[in-house]
Structures are given as structure tokens and as C-alpha cells.
Amino acid sequence: MRQKQCEVDEARKLAKAGYPIEQIATMMHHTRKTIPNYLDPGYSVANGHYNGRIPGKLAPYEKEVIELRSQGLTYPKIHNILCGKGYTGSVASLRMFMQKERTRMQEQEEQNKPQSEFIQRKSLCQLIYKKLEDVATITADQYEQALERYPLLSQLYTLVKEFHTVMFSQKPEKLDLWIKSAQKYDIPELQSFMEGICNDIEAVKNGIAYSYNNGLAEGSVNKIKVIKRIMYGRNSFILLKAKVLFHELFYTEFN
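One structure accompanies this document, and this report is about it. (Residues numbered from 1 in each chain as written. Predicted model: local features only at pLDDT ≥ 70, side-chain atom pairs only at ≥ 80, totals over all residues. Heavy atoms only, no water.)

## Some thoughts on the overall build of the chain
At step 1: Broken down by element type, the chain carries 14 helices and zero strands.
At step 2: Helices and strands appear in the chain in the N-to-C order α-α-α-α-α-α-α-α-α-α-α-α-α-α.
At step 3: Relative to the 2.2 N^0.38 estimate, which gives 18 Å for 255 residues, the radius of gyration of the chain is 35 Å and therefore markedly larger than a compact globule would have.
At step 4: For the C-alpha atoms alone, the extent of the chain along its principal axes is close to 95 × 55 × 40 Å.
At step 5: Within the chain, buried positions represent 21% of all 255 residues.
At step 6: Partitioning the intrachain contacts of the chain with sequence separation of at least 6 by distance along the chain shows that 42% fall at a separation of at least 24.
At step 7: For the chain, the accessible surface area stands at approximately 19900 Å², while carbon and sulfur atoms represent 55% of it.
At step 8: Computed over 36 positive and 29 negative side-chain charges, the inter-centroid distance for the chain is 7 Å. (Helix = DSSP H or I, 4+ residues; strand = E, 2+ residues; numbered from the N terminus. Rg over C-alpha atoms; globule rule 2.2 N^0.38 Å. Buried < 20%, exposed > 50% of the residue type's maximum accessible area, 1.4 Å probe, protein only. Contact = heavy atoms within 4.5 Å. Areas by Shrake-Rupley, 256 points an atom, 1.4 Å probe, with all protein chains shown as cover. Lys, Arg positive; Asp, Glu negative; His and termini not counted. Charge placed at Lys NZ, Arg CZ, Asp CG, Glu CD.)

Written out as C-alpha cells, the structure is:
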């Protein structure tokens, strides 16, 4: 019924936009007679025989069929019982009825299920390095619901924020306290990250203690590697040196 209502709304929207009935019928793959019915103000998908059932031979015995099937009786046995009560239909009709009944019950269960909102994984990942108000794909309510359902997520976000604070605190001793807190969680990715820090703990602490770093040198090395890759297969040291120096000259003149 919902799909039918969407078609009716679409037809009325196209008619309001000025499309003729013939063109609307072609666009929506309907007959010429169907569209005027959709455009009629009194038309409703809930009226008439839409989605209705015509009572058949099995109608008086439907509840009994459901009850007998729930007891484990086979269709031929149910058929024999109903025939003794006046049923004149076939066994195939019983199977078809039960198949439709199962489908109807499944649809009803789906409708009765509480609707849950879907939060993209990338939205939760962005919260690692962005503030909540800077992530447009997740609301504050969704964030609170995610933390309530997954308490570990809240603890991980807290660890990330604490690590960010430690890195800019200029107090290397705080790193040891953070590592002790993080070691409580049996998360392979987190343990691997801490192992990498511990293997080079002196350099990490120096990065916290001092304001300067090797970013400039790393940037220059990366720039030379890019130039080398661009000239892959036709490179020599003399040509690489000339191109690097020319790039620096060009950058100096125009900046």
C-alpha cells in the first residue's frame, strides 16, 4: 500500500508540474486509464479492493489450518480432517495459504520491531580527530546512544583525548601514566600502537618535551622522493640535483 501511495503522489506531482496524462503514463509505465484515477482527488489506495482478499473455499477453516500446522500435522492429514468437515479444496491450496500466512507474519514482525538509526562507521572514526560539532553525519543524540550501547567506545574516545593532551603537555612523564591506563584494554590495535611507542619511547618523549621537530627535514625528503618517482626510469643524480635546485629557485621567485 505504501508503494502504491508513492506512485499516486508521483503522478500528482508530475501533473502539477504541467506534464500531460499521456506523458505521465509513459514515464511511470502505466496505462492511459490508470493515471486519471491517480489524479482524482477522491482516490485513495485504502479504498476499493486494493490489497484485498476474496474469500475462498478455505476461508472458514483458516484458523484451524494454522492450529493444526502448529501441532506438526502434514498437509495431507489436515486435508483429510477438513474434508470430513465439508472442505472441497485441494492440498495445494493449504500449502499456498500457509506460505502467504508465514510471509504476512514476518512482515508484521518487521513492522513491530523498534526502528534503529544507522550510524556510519566513518562518522565514529572521524570523532577520533574531530570534535562532535565538526562531524556533520552524526548528531549529539546518536553519539550518546552509541556510547550507551557500546561502553568501550566511550573509553577509547577518552584514551584518545588523553593522549592528545599528553602530546601537547610538554611533560613526558604523563606518557607513562597513559600507557599504564591503555594496557588495561585487550584490544590488538591499541596494544600494537603502544608497542610501537615503547620501542621508541625516548624519541616519543623528546617529541613531547621539545617544541621543535624534524618536520621540515621530512618534508624536504618527501619532496625529493616525489621528484624521483616522477622521473622514474630516466633519472640520474645530476638530473635529479638540477631538478631539485630548479624547483627551489622557482618556489623562491614566485613566493
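## Some words on the nonpolar core
At step 1: Counting 12 residues, the largest nonpolar core consists of Leu159, Phe163, Val166, Leu175, Trp178, Ile179, Ala182, Ile187, Leu190, Met194, Ile197 and Ile208.
At step 2: Looking at this core, the elements with two or more residues in it are α9 (151–167), α10 (173–182) and α11 (188–199). (Core = buried A, V, L, I, M, F, W, Y, C linked by side-chain atoms within 4.5 Å.)

## Concerning the pattern of salt bridges
At step 1: In this structure the tally under the stated criterion is four salt bridges.
At step 2: Glu22 is paired through a salt bridge with Arg32; the nearest N and O atoms lie 3.4 Å apart. Here Glu22 is found in helix α2 (residues 21–28), whereas its partner Arg32 is found in the loop between α2 and α3 (34–39), with 10 residues between them in sequence.
At step 3: In this structure, the salt-bridge partner of Asp176 is Lys205, at a minimum N-O distance of 3.1 Å. Within this pair, whereas Asp176 is found in helix α10, its partner Lys205 is found in helix α12 (residues 201–209), the two being separated by 29 residues in sequence. (Salt bridge = Lys/Arg side-chain N within 4 Å of Asp/Glu carboxyl O.)

## Let's talk about the packing of helix α8 (residues 140–149) against α9
At step 1: Running from N to C, α8 and α9 point in directions that differ by 110°, and their axes come no closer than 4 Å. One finds that α8 runs roughly perpendicular with respect to α9. Residues Tyr143, Ala146, Leu147, Glu148 and Arg149 of α8 form the contact with α9, whose participating residues are Pro151, Leu153, Ser154, Tyr157 and Lys161.
At step 2: Its residues placed into classes, the contact of α8 with α9 shows six nonpolar, one polar and three charged. (Axes fitted to C-alpha atoms, helices over the stretch in contact; angles between N-to-C directions. Parallel < 35°, antiparallel > 145°, perpendicular 65-115°, else oblique. Nonpolar A, V, L, I, M, F, W, Y, C, P; charged D, E, K, R; others polar.)

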